[in-house]
Amino acid sequence: MNGSEDVTDLVVPGDTLGEEGMVPGYGTIKRGDDIISTRIGLVSVRGNTVNVIPIRGKYLPRRDDLVIGTVREYSNTNWSFDLNSPYTAFLHFKDVPWDVDFGETGEYLSVGDAAILRITDVDVRYRTTVVLNGPGLKKLNGGRLVKINPTMVPLVIGKNGSMISVLKGATSCRIFIGQNGVLWVDGEPEDVDLVLGALDLIERRCYSKQLNKEIELYFADARMFH
Amino acid sequence: MAQDPHSSYELTDSDTRWIEQMEMKIGRIGRADGSCQVKLGGNNVICAVYGPREVYPRHLQDSLKAIVQCKYNLAPFSSQERKRPGPDRRSTEISRILGEALEEVMFVQRYPKTSIDIYFEVMEASIGIRWLSLVAASMALVDAGIPIKELASGCSVVVDGSGPSIEPPSELSPEQTLVEVGTLGDSDKFIMFQVDGGLSQDDMSQTMDVAQAGSKMVYDMQKEMIRGHFAQLSESDEEVGQ
């Protein structure tokens, strides 16, 4: 939301957006000559396209997204992952960095285990396939998993990664943000708590235009009391 | 069903005063994805929306769209006479009517194989609870972040010998007819239409005009309420930040 586009007012479904000659983008529909918002969110104009960046909603899998999933169940040849979404993702036993034999899937990833995954395919019915072999993808050991509203992910990352740099710099935690709104935070327990507090603040203050500054202040205050 | 978009009826002061009494509160249930409570007169309904989420049992899932599952429940203490707990014919019928009306509002094709579950708990029931439930549900859908074509709005009109009026009596007499409508925003599209009693053809068009004018006012209040709710969130946080 702090991107290069022009982000302005809060809109509700049914609001008319944009000017003549503009094109409807994400979160909008065209009705007659008007562009209508279909969601609650902030208006963003990029070029001649009007988008609504939602501030509420569920994650829908998209190809090439990096996500954090937890194992729901496994069979002889694949695992199914919960992606904090209405849809389950499947991981085949050949798409992992280990040499897994038939029927031995549970020895590598068991129910409740978390991993950073890449979505490789999503069909029209949202049947989702993920892989675990690739750069940056791994099984997660230790740390804490935190769920945030998936629509807040761009805010937590910030413009050119500015917000995530603040979070990492202020706490020396290892943080990974999944596009599905699941975060992995690893570090000293007090630091992790600080990060969780900052995430809560980001979610509540998503409207603020000086969010980075507010988060820096939050960490400065927190340090004074520790 | 379509009606002249330029409704000829102008709301009277008493109509306006009655509608203005409506209280709407978003986010009443923390665990739900979206929720809203609506009160007006002797009516008090709270609506919670969960989803889109996986469908259980699986055989109910539709691979082309999300299914809308509504459950309308009257609390035993909601009316003058104690209502026996559990589902009955009336609540089954209203659940179905509301579900069909709300399906018209949402883009269900965007969430195949999922379920959008909408629960209504009626704390106090009086005349006009159905359209208020519809209003509550549409605002809960907004709170849940589910894309919708328009807010569902509505109004009830009581018709008797002296003509239609928006403010209902405390009790309906056999000569009076209750008409409850649900509209798609302030457009001319009706998504719900229920009549309890008889209605002549002449009364019908006049009643539709009145209902549409009432719906328009309710719609404006809904939008204002949603905007106010989110603005209030940001203001209260500003104080916390300081």
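Cut-off values and rules
- Residues numbered from 1 in each chain as written.
- Chains lettered and ligands numbered in written order.
- Predicted model: local features only at pLDDT ≥ 70, side-chain atom pairs only at ≥ 80, totals over all residues.
- Helix = DSSP H or I, 4+ residues; strand = E, 2+ residues; numbered from the N terminus.
- Buried ≥ 20, exposed ≤ 12 C-beta atoms within 10 Å, placed from the backbone.
- Contact = placed C-beta atoms within 7 Å.
- Rg over C-alpha atoms; globule rule 2.2 N^0.38 Å.
- Domains from an automatic or database assignment.
- Pairing = 2+ DSSP bridges.
- Expected span 1.5 Å × (residues − 1).
- Nonpolar A, V, L, I, M, F, W, Y, C, P; charged D, E, K, R; others polar.
- Core = buried A, V, L, I, M, F, W, Y, C linked by C-beta atoms within 7 Å.
- Axes fitted to C-alpha atoms, helices over the stretch in contact; angles between N-to-C directions.
- pLDDT = per-residue confidence, 0-100.
- Arc of directions from axis to C-beta.
- Parallel < 35°, antiparallel > 145°, perpendicular 65-115°, else oblique.
- Left-handed = near helix turned anticlockwise from the far one by under 90°.

In terms of regular secondary structure, chain A is built from 5 helices and 16 strands. Expressed as a percentage of its 226 residues, the buried residues of chain A come to 35%. Summarising the internal contacts of chain A: among those between residues at least 6 apart in sequence, 59% fall at separations of at least 24.

Further remarks concern the overall build of chain B. Secondary structure assignment for chain B yields 4 helices and 9 strands. Counting from the amino terminus, helix and strand elements in chain B follow one another as α-β-β-β-β-α-β-α-β-β-β-β-α. Expected size for 242 residues packed as a compact globule is a radius of gyration near 18 Å; at 18 Å, chain B falls within 12% of this value. Judged by the C-alpha coordinates and their principal axes, chain B covers about 50 × 50 × 40 Å. Among the 242 residues that make up chain B, the fraction classed as buried is 45%.

On to the domain arrangement of chain A, then. Along its sequence, chain A is carved into domain 1 (6–54), domain 2 (66–140) and domain 3 (144–225). Each of domain 1 of chain A and domain 3 of chain A was reduced to a C-alpha centroid, and the two centroids are 28 Å apart.

Let us look at the pairing of strand E6 (residues 41–46) of chain A. Sheet analysis places E6(A) next to strand E7 (residues 49–54) of chain A, joined by 6 bridges and oriented antiparallel. Within E7(A), the position partnered with Val43(A) by the bridge is Val52(A).

Okay, helix H3 (residues 129–144) of chain B next. Residues and elements named next belong to chain B. Along its 16 residues, H3 runs 22 Å from first to last C-alpha, staying within 8% of the 22 Å computed at 1.5 Å per residue. For H3, the tally of buried residues reaches 16 of 16 residues, placing the bulk of the element in the interior. Gly145 occupies a position one or two residues after H3 and carries a positive phi of about 80°.

Put simply, Gly51(B) and Pro52(B) share a cis peptide bond, and its omega is 0°. One can find Pro52(B) in strand E3 (residues 43–54). In this structure, Pro57(B) follows Tyr56(B) across a cis peptide bond, with omega equal to -5°. Positive phi values are uncommon outside glycine, yet Asn160(A) reaches one of about 50°. On the secondary structure map, Asn160(A) appears in the loop between helix H2 (153–157) and helix H3 (162–171).

Taken together, the contact pairs 19 residues of chain A with 25 residues of chain B. Partitioning the side of chain A that touches chain B into residue classes produces 8 nonpolar, 4 polar and 7 charged.

Residues and elements named next belong to chain B. Among the nonpolar cores identified, the biggest contains 115 residues, and Cys47, Leu102, Ala136, Ala137, Ala140 and Ala152 are the most heavily contacted of them. If you tally residues by element for this core, the top one is H3, at 12 residues. Those residues in contact with Leu102, other than ones at most four positions away along the chain, are Val68, Cys70, Ile118, Ala137 and Ala152.

Residue and element names in this part refer to chain A. With antiparallel pairing, the 3 strands of this open sheet are ordered in space as E14-E16-E15. If you trace the sheet from one side to the other, it starts and ends with strand E14 (144–147) and strand E15 (174–177), each paired once. On average, each strand axis in the sheet is tilted by 20° relative to the strand beside it, whichever way the strands run. Bridge count for E15 against strand E16 (residues 182–186) is 4 bridges, and the pairing is antiparallel. Bridging from a neighbouring strand, Ile177 pairs with Leu183 of E16. Sheet contacts for helix H4 (residues 189–204): E14, E15 and E16; angle to E14, the most-contacted strand, approximately 10°.

This part covers the confidence of the model for chain B. Scored by pLDDT, chain B comes out at a mean of 90, with 93% of its residues at no less than 70. Confidence metrics for the complex model read pTM 0.90 and ipTM 0.87.

So, about the sheet that holds strand E4 (residues 28–31) of chain A. All names here are of chain A. Strand order in the open sheet formed by 3 strands is E2-E5-E4, with antiparallel pairing between adjacent strands. On the outer flanks of this sheet lie strand E2 (16–17) and E4, each paired with one strand and no other. Of the strand pairs in this sheet, E4 and strand E5 (residues 34–37) are connected by 4 bridges, and their pairing is antiparallel. Bridge pairing in E5 links Thr28 to Ser37.

Okay, the environment of Thr70(A) next. Residue and element names in this part refer to chain A. Within the element layout of this structure, Thr70 appears in strand E8 (residues 66–74). Taking the number of C-beta atoms within 10 Å as the measure of exposure, Thr70 has 17 and is therefore partly exposed. The sequence separation of Thr70 and Ser110 amounts to 40 residues, and the corresponding C-alpha distance is 9.2 Å. The residues touching Thr70, leaving out its near neighbours within four places in the chain, are Phe81, Asp82, Gly112, Asp113 and Ala114.

Residues and elements named next belong to chain A. Listed in full, the buried residues belonging to H3 are Met163, Leu167 and Thr171. Angular distribution of buried residues about the axis of H3 spans 40°; they occupy a single face of the element. Taken from the residues just after H3, Ser172 is the one with a positive phi, measuring 55°.

A few words now on the packing of helix H2 (residues 89–105) of chain B against H3(B). Residues and elements named next belong to chain B. Where H2 contacts H3, the axes come no closer than 11 Å and their chain directions differ by 40°. Taken together, the axis directions place H2 and H3 in an arrangement best described as oblique. The chirality of how H2 crosses H3 is right-handed. Contacts between H2 and H3 involve Ile94, Leu98, Ala101, Leu102 and Val105 from the former and Arg130, Ser133, Leu134, Ala137 and Ser138 from the latter. Looking at the contact of H2 with H3 residue by residue, the classes come out as 7 nonpolar, 2 polar and 1 charged.

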